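# Close look at the chain arrangement
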Amino acid sequence: MPLSSPNGGNIAIVGASETERVGVVPDMSMIQLHADAARRALKDAGLTPADVDGIATAETQVIEVAAMLGIRPRWMDGTTIGGCSFMAHVRHAAAAIATGQASVVLITHGESGRSWVGMPNYSMNPRGPDGQFEQPYGAIAPYSLFTLPALAFLEARGMGQRDLAEVVVAQREWAIPNERAQRRTPVTVEDVLAGPRVAYPFTRDMCCVVTDGGGALVLVSAERARDLPSAKRAVYLMGSGESCESVLVSQMDDLTSFGSFRRASAEAFETAGVTHADIDHAMFYDAFAHLPLYMLEDTGFVGFGESGAFHAEGHTRPGGRLPINTNGGGMSYTHSGMYGMYAIQEAVRQLRGEAVVQVPDMKLSFVQGVGGLFWSAASLILSNQAP
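Residues numbered from 1 in each chain as written. Predicted model: local features only at pLDDT ≥ 70, side-chain atom pairs only at ≥ 80, totals over all residues. Heavy atoms only, no water.

Turning next to the pattern of salt bridges. All chains considered together, the criterion is met by 19 salt bridges. For the salt bridge of R233 with E354, the shortest nitrogen-to-oxygen distance reads 2.7 Å. Separated by 121 residues along the polypeptide, R233 in the loop between helix 9 (222-225) and strand 8 (235-244) and E354 in the loop between helix 14 (340-352) and strand 10 (364-371) bring together distant segments of the chain. R233 sits in the partly exposed class, given a relative accessible area of 25%. (Salt bridge = Lys/Arg side-chain N within 4 Å of Asp/Glu carboxyl O. Helix = DSSP H or I, 4+ residues; strand = E, 2+ residues; numbered from the N terminus. Buried < 20%, exposed > 50% of the residue type's maximum accessible area, 1.4 Å probe, protein only.)

Quick look at the structure:
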């Protein structure tokens, strides 16, 4: 029987796993990374490919992943809206399960972002909006495209490079004990500022690592979750939201605040029926150091101009009042090109009590993703409390 809502704890994540290795994995292709993560997540859930009737992924063809695993799904989602696609997939899968369109949904990610094995050829489209209005002026790579909003954000608040560096230092503290993290060397604000400049205001450590890897999730109804071997480790979807804006970063409605963060997060909190004060932990997609600053303010955790001080005062670090990016984030842990899956994985680990650096007394985690260069956003609120 269809459920009343995909939110409110009616849908559960019962399987979650990253690939066996993240970082430099030259012996595995993109599709092999998908398959590795999928099989591990299904094993974690106590299910098999034969149980799966719904599948979702981004960039890679859903059909290709299904064929690789021998799955013949009755529901598919190939939504590709950038790195937050996997947050959107969780939301879409929950709706599919709630309405009876699927019973077991597998969401996969695999990306050979560093070794580039089995990846599609990258090419620029001169006919698209970016090909016409940004690329001719040299605005091509993410680090050059993000400079405009980052500088506008800092200028509007009287903030500067040190505030970006504080984000890096705070997140590195989480990564240092994590053997899977790609950057584990302790750093100071001065170290970050003195690093090689990539594109002002970004120095190297303010930019994400480039890696290979992947991850997968398995979702079922909360009722079905109770009958699985993984029942005691189930994580429930309390609320969700998504939104989009422009494919051109130069055409953001407001360079100093991303409307999609505001809209997606507001819907997540509304559908979850919780407040910011209820959140114990947050995962903020951090391809570059300015993004967690935007997210803190746009999602309502702090006020205008307060995000820099919030990091500098240690509130996001171990023992802080809002632990953020507890795996080290995209800037220190891993970033294969689309980071959203890894953010969800860490939120699940924290809620299960399985994280490398565990936040005590975890009940609710907020996950905020960004797609592309301020194209889109998706938000999740997850809980370890059964409905």
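Between its terminal C-alpha atoms helix 14 stretches 19 Å, which fits the 18 Å expected from 13 residues at 1.5 Å a residue. Most of helix 14 is tucked away: 13 of the 13 residues are buried. Just downstream of helix 14, G353 is the residue with a positive phi angle, here 80°. (Expected span 1.5 Å × (residues − 1).)

So, about the side chain of E297. Here E297 lies in helix 11 (residues 290-298). Looking at E297, the relative accessible area reads 10%, which means it is buried. Excluding anything up to four places from it in sequence, E297 contacts F153, R157, V302, G303, F304, G305, E306 and S307. (Contact = heavy atoms within 4.5 Å.)

Checked against the element boundaries, P323 lands in the loop between helix 12 (307-312) and helix 13 (329-332). Since its relative accessible area comes to 4%, P323 is described here as buried. Residues P323 and H34, 289 residues apart in the sequence, show an inter-C-alpha distance of 29 Å. With residues near it in sequence (within four places) discarded, P323 still touches W174, D280, H281, A282, H315, T316 and V359.

This part is about the sheet that holds strand 1 (residues 11-18). Read across the open sheet, the nine strands follow the order 3-2-4-7-1-8-11-10-9; overall the sheet is mixed. A strand with exactly one partner marks an edge of an open sheet, and here the two such strands are strand 3 (75-77) and strand 9 (281-284). Direction aside, neighbouring strands of the sheet carry axes that sit 25° apart on average. Across the sheet, helix 3 (residues 85-98) touches strand 1, strand 2 (54-56), strand 3, strand 4 (105-112), strand 7 (212-221), strand 8, strand 10 and strand 11 (376-383), and the angle it forms with strand 4 is around 160°. Lying on the sheet, helix 14 is in contact with strand 1, strand 4, strand 7, strand 8, strand 9, strand 10 and strand 11; it crosses strand 1 at an angle near 110°. (Pairing = 2+ DSSP bridges. Axes fitted to C-alpha atoms, helices over the stretch in contact; angles between N-to-C directions.)

Let us look at the environment of D280. Locating D280 in the fold gives a position in the loop between helix 10 (259-272) and strand 9. In this structure the C-alpha to C-alpha distance between D280 and R321, which are 41 residues apart in sequence, comes to 7.8 Å. Excluding residues within four positions of it along the chain, D280 makes contact with L322, P323, V359, D361, M362, K363 and L364. At a separation of 2.9 Å, a polar atom in the side chain of D280 contacts the main-chain amide nitrogen of K363. A polar side-chain atom of D280 sits 2.9 Å from the main-chain amide nitrogen of L364. (Polar contact = N/O pair within 3.5 Å; in protein donor to acceptor, adjacent residues only side chain to side chain.)

Looking at the secondary structure, you find E111 in strand 4. Buried charge without a salt bridge: E111, with R114 as the nearest opposite-charge side chain at an N-O distance of 13 Å. Looking at E111, its side chain comes within polar contact range of the side chain of H109, at 3.3 Å. Once residues lying within four places of it in the same chain are set aside, the contact partners of E111 are M30, L33, E59, M119, T211, D212, G213, S336, G337 and M338. (Lys, Arg positive; Asp, Glu negative; His and termini not counted.)

So, on to the UniProt feature "domain: Thiolase C-terminal" (unreviewed entry) in the protein chain. The feature "domain: Thiolase C-terminal" (unreviewed entry), as annotated in UniProt, sits at residues 241-384 in this numbering. Secondary structure across residues 241-384 comprises 32% helix and 17% strand; the distance between its end C-alpha atoms is 19 Å. (UniProt positions renumbered as here; feature names shortened; annotations may be inferred.)

Taken across its eight residues, strand 1 has eight buried, putting it largely inside the fold. Here three bridges tie strand 1 to strand 8, and the two strands are oriented antiparallel to one another. Bridging across to strand 8, A12 finds its partner in Y236.

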